[in-house]
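Coordinate analysis (summary)
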Amino acid sequence: MEILLIIAIFVSFYVAWNIGANDAANSMATSYGSRALSLRQIILVCALLEFLGASLYGKNVVKTIAKGIVPIEALDPHLVVYGMVAALLSAGLWITIATYLHLPISTTHSIVGAVLGFGIAAVSQRHLEISMIKWSEVYRIMMSWAISPIMGAVLAFTIFYMIRILLFRRFDAGSVERIFRYLQVFTACYVAFAHGSNDVANAVAPLAPIFGLTAKGYYEIPREILMFGGLGIAIGVATWGYRVIRMVGENITQLTFTRGFSAEFATATTVLSASALGLPISTTHTLVGSVIGVGLAGGIASVNLKVVQKIIFSWILTMPITMFLSIGIYTVMVVFL
Amino acid sequence: MRFFRSVGEIFGYSPFKPLVEHAILCGRAIGLLQKQFEAYKKLDFVAVERLRDEIDELESKADEIKQEIRTKVSKSLMLPVDRHDLLEFLKVQDDIINNCEHVGHMLTFKKMKIKESILAEFEVLLSKIMECANEYEAMIEHVQKLIETSFDKREVEKVIEHVEEVERLEHICDLIQIGLHTMLFNSEDSHPLEVHLMEAWVVHLGYIANAIARAADRFRLMIYGR
């Protein structure tokens, strides 16, 4: 059993590190691309606010993934540990493969698919009834995946359109941009905080049932777990994320201060709302939606809509893959351990 | 650096800087034509041929840019202007430099001693075309500002002013052409073959001015069409 706990902690940290290295970096790259902040400043701000977002505001989403999908209270605590370790391993494995293949997958989709896989395996082994899986919650989560990029787009469109009407029409474009350079520092922090609050769950939600079992038999979510996840993300940003920030940032010079501000504000607001509602969504996909929104408002020289296809493709791919991985790993553990 | 997932892919190929570069090449080709006529005046036919080659080179560079834009501006890109309008505009802009190339070649067809008065009139026409091209370049350089302000009304108005000025200058080119034609067909002492060739020069120089005006018009349509 101890070895499982160690594996769980290790994989959870790896996923958190990955989230910091890739997704956090992607969200912050807009600030680097527009040169609102220096690389060093971005890393510092990003790491700090990701950590704060995760530890102060990450609880609701963790709760959803940990016990909102599979009714873990109805299962033997041993099986819960197996299930959560299986979910973590599958998500970690798929994230690694997809990253290597440059697929724009979401860690959120991966972990939700993996946890659901554990639930389905438990059903197939008659430890749970199929109706006990919280399908309405699964449905709500999947709806939020479709809605969040659209909400990002609508918000970003509105914000940028207002900037156009209220500012560009009255003042020189150059001086407007200069002011937004400073405002973008604020939105960058906002994104990092929101991202931490939502994505920390993808790494640490499976740890909650492992370490949160109370004497009375129900599961709590220890704050230490959120902090551990936040730390993992921060380390990911600092040790690898800066390269991604630099690479991505150099490719997005089309995003001027006002555009970056609009996209970031829209993304962060959407993601933070989702965190408050306990909905695990993809920050990256929301950001893509927001950039499209700015583009629809005439703010971007060229938006490559092929990415949307790729994202939809990765949605369709991720859920079944992590689900089956998790079913497999869980079954093996139940049979052999 | 294989291990990363990038959001940067959402930003597609932007054709606007290459469009400006293409326009600048057109302007430079017209400048070379002016030099070619000067060389012709000095009967320096070596230079005339060299300048023809230089214009050819600019034309092929412009062609590369045109091809790059045409292949990269795919339907999956969301641009602030209509894709069709953009490609149509590019096609007309490319006519400017294509016609420069034609004239450049026509100057090497025959070595002639041309009358001062006729050459002087050609110079007048060329400098007017150059003026027209400069105005056109000033217009096209607004592209960046248009995108920055996402096609703010004031910026659009400035562009329209440039377009109108291009059209006015093109009209003056037309008038000079008419004068040149009259002059050519009334120079009884010139050899008919020479008149014939020079007439072709005038016509094709006219095509250059014409292409500039049409490209400016297409540019205006592209902006209105969004």
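Because the structure is a prediction, the values reported are computed rather than measured.

The rules behind the values
Residues numbered from 1 in each chain as written. Chains lettered and ligands numbered in written order. Predicted model: local features only at pLDDT ≥ 70, side-chain atom pairs only at ≥ 80, totals over all residues. Helix = DSSP H or I, 4+ residues; strand = E, 2+ residues; numbered from the N terminus. Rg over C-alpha atoms; globule rule 2.2 N^0.38 Å. Buried ≥ 20, exposed ≤ 12 C-beta atoms within 10 Å, placed from the backbone. Contact = placed C-beta atoms within 7 Å. pLDDT = per-residue confidence, 0-100. Expected span 1.5 Å × (residues − 1). Bend = angle between axes of the 7 residues up to and from the residue. Axes fitted to C-alpha atoms, helices over the stretch in contact; angles between N-to-C directions. Parallel < 35°, antiparallel > 145°, perpendicular 65-115°, else oblique. Left-handed = near helix turned anticlockwise from the far one by under 90°. Nonpolar A, V, L, I, M, F, W, Y, C, P; charged D, E, K, R; others polar. Pairing = 2+ DSSP bridges.

A look at the overall build of chain A
- Per the secondary structure count, chain A includes 12 helices and one strand.
- Starting at the N terminus and ending at the C terminus, chain A contains elements arranged as α-α-α-α-α-α-α-α-α-α-α-β-α.
- Against the globule reference of 20 Å for 337 residues, chain A gives a C-alpha radius of gyration of 20 Å, in line with a compact fold.
- Expressed as lengths along the three principal axes of its C-alpha atoms, the size of chain A is roughly 70 × 35 × 35 Å.
- Of all 337 residues assigned to chain A, the portion counted as buried reaches 61%.
- Partitioning the intrachain contacts of chain A with sequence separation of at least 6 by distance along the chain shows that 89% fall at a separation of at least 24.

Let's talk about the confidence of the model for chain B
- Of the residues in chain B, 98% have a pLDDT of 70 or more, and the chain-wide mean is 94.
- In the predicted complex, the global pTM is 0.91; the interface-specific ipTM is 0.85.

As for helix 1 (residues 2-33) of chain A
Residue and element names in this part refer to chain A.
- Along its 32 residues, helix 1 runs 45 Å from first to last C-alpha, staying within 8% of the 46 Å computed at 1.5 Å per residue.
- Within helix 1, the axis deviates most sharply at Asn26, by approximately 45 degrees.
- Summarising burial for helix 1: 23 of the 32 residues are buried, a large majority.
- At the exit of helix 1 stands Arg35, carrying a positive phi of roughly 60 degrees.

Observations concerning the packing of helix 1 (residues 16-41) of chain B against helix 4 (residues 116-140) of chain B
All names here are of chain B.
- Running from N to C, helix 1 and helix 4 cross one another at 165 degrees; their axes reach a closest spacing of 10 Å. Between helix 1 and helix 4, the angle falls in the class roughly antiparallel. Crossing angle aside, the handedness with which helix 1 passes helix 4 is left-handed. Residues Val20, Ala23, Ile24, Cys26, Gly27, Ile30, Gly31, Leu33, Gln34, Phe37 and Lys41 of helix 1 form the contact with helix 4, whose own contacting residues are Leu119, Phe122, Glu123, Leu126, Ile129, Met130, Ala133, Asn134, Tyr136, Glu137 and Ile140.
- In terms of residue class, the contact of helix 1 with helix 4 is built from 15 nonpolar, four polar and three charged.

Observations regarding the interface of chain B and chain A
- Contact with chain B, which involves 28 residues of that partner, is made by 35 residues of chain A.
- Every element with two or more residues in the side of chain B that touches chain A is listed here: strand 1 (77-78) and helix 5 (142-148) of chain B.
- When grouped by side-chain class, the residues that make up the side of chain B that touches chain A number 14 nonpolar, seven polar and seven charged.
- Of the pairings in the sheet, the one linking strand 1 (residues 303-304) of chain A to strand 1 of chain B comprises two bridges and is antiparallel in character. The residue bridging Val303 of chain A from the neighbouring strand is Met78 of chain B, located in strand 1 of chain B.

Points about the environment of Ser136 of chain A
- Tracing the chain through its elements places Ser136 of chain A in helix 6 (residues 135-168).
- In this structure the C-alpha to C-alpha distance between Ser136 of chain A and Ile147 of chain A, which are 11 residues apart in sequence, comes to 16 Å.

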